[in-house]
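Listed below, chain by chain, are the residues.
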Amino acid sequence: MPRIIPVLDVMGGQAVRAVGGRREMYAPVKSRLTPSTEPLLVARALLAAAKVNELYVAEIDALMGHRPRLGWLKELADAGCRVMVDSGLKTAADAIAIAAVGASVVVGTETLGRFEELQALVHAWDADRVYLSIDLRNGRVLGSEAAWGIEPSVETIIEKAMAVGIKRFLVLELARVGTGVGPGTVELCTHVRQRFPDIELLAGGGVRNWQDVDALGAAGADGVLVASALHDGAISAAR
């Protein structure tokens with residue numbers, strides 16, 4: 001069974017519920033786990049509900065071009081929580097704020113400016129603390145031509161990233177995030193796992209219940225990102 005990785009989206013200093021990657025529609029989260037929208041309290045509630053010690057954080061303000069506010073994460077990282085952060089990294093230097101709180105960095109294909117910046121990041125960091133998120137919208141890879149070429153395939157991106165030392169990957173279907181329509185990456189995970197048996201593979205977007213988790217696990221995902229299904233109680237540690 002793949003591991004459950006709770007997801008916390010933070011915008012304007014509050015935990016929010018992501019919907020289909022349409023950031024203008026994000027609103028403060030309403031959760032069965034806690035009445036709070038304070039990121040640290042929501043993070044603790046998610047970790048307790050899933051009974052895990054691993055958290056994925058999307059810093060939405062940074063993804064929209066503002067300075068990331070990550071100081072609250074240091075308490076979790078110092079306590080041994082494995083935190084990974086997507087803060088819309090464009091250059092290797094953007095990872096400094098993530099390093100300061102002891103988290104791992106998620107590099108999204110959607111935001112990376114040039115491929116050389118990924119190379120620089122791997123040279124500066126422990127590659128085990130770098131994840132490459134292959135950002136998809138309705139199955140199409142999002143990313144700049146300067147970084148990935150014209151209409152790159154998922155396989156091409158993985159091969160290119162592995163050549164510079166990346167071995168941890170995420171396939172993220174943004175159009176399905178927070179929609180509850182089910183994951184759209186099962187077939188993709190199957191293909192990726194068959195082609196690249198030795199990578200760490202995470203998957204996210206649209207996960208509704210344990211059946212979706214099992215389907216992604218059977219397809220080869222090592223971990224599954226979950227947010228709404230935890231907040232709504234569809235997924236919990238008590239299976």
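The structure this text deals with has already been given above.
Residues numbered from 1 in each chain as written. Predicted model: local features only at pLDDT ≥ 70, side-chain atom pairs only at ≥ 80, totals over all residues. Heavy atoms only, no water.

A. Summary view of the environment of Gly88. Looking at where Gly88 falls in the secondary structure, it is placed in the loop between strand E5 (82-86) and helix H4 (96-100). For the pair formed by Gly88 and Arg168, sequence separation is 80 residues and the distance between their alpha carbons is 17 Å. Sequence-distant contacts of Gly88, defined by excluding residues within four places in its chain, comprise Leu63 and Thr111. (Helix = DSSP H or I, 4+ residues; strand = E, 2+ residues; numbered from the N terminus. Contact = heavy atoms within 4.5 Å.)

B. Broad picture of the pattern of salt bridges. Inspection of the entire model under this criterion finds 16 salt bridges. In this structure, Arg3 and Glu200 form a salt bridge, with 2.4 Å as the shortest nitrogen-oxygen distance. Taken together, the positions of Arg3 in strand E1 (residues 3-11) and Glu200 in strand E10 (residues 200-204) put the pair 197 residues apart, joining distant regions of the chain. For Glu200, a relative accessible area of 10% gives the class buried. Put simply, Arg3, Glu54, Arg82, Asp128, Lys167, Arg168 and Glu200 are held in one network by salt bridges that share partners. (Salt bridge = Lys/Arg side-chain N within 4 Å of Asp/Glu carboxyl O. Buried < 20%, exposed > 50% of the residue type's maximum accessible area, 1.4 Å probe, protein only.)

C. Quick look at the pairing of strand E9 (residues 168-173). Of all 6 residues in E9, 6 are buried, a share of seventy percent or more. Burial along E9 is two-sided: the face carrying Arg168, Leu170 and Leu172 and the face carrying Phe169, Val171 and Glu173 are both buried. Pairing between strand E7 (residues 130-137) and E9: 5 bridges, direction parallel. If you follow Ser133 over to E9, its bridge partner there is Leu170. Examined bridge by bridge, E9 and E10 share 5 bridges and lie parallel to one another. What sits directly across from Phe169, in E10, is Leu201. Once you follow E9 into helix H8 (residues 186-195) and on to E10, the crossover reads as right-handed. (Pairing = 2+ DSSP bridges. Right-handed = clockwise from strand over helix to strand, strands pointing away.)

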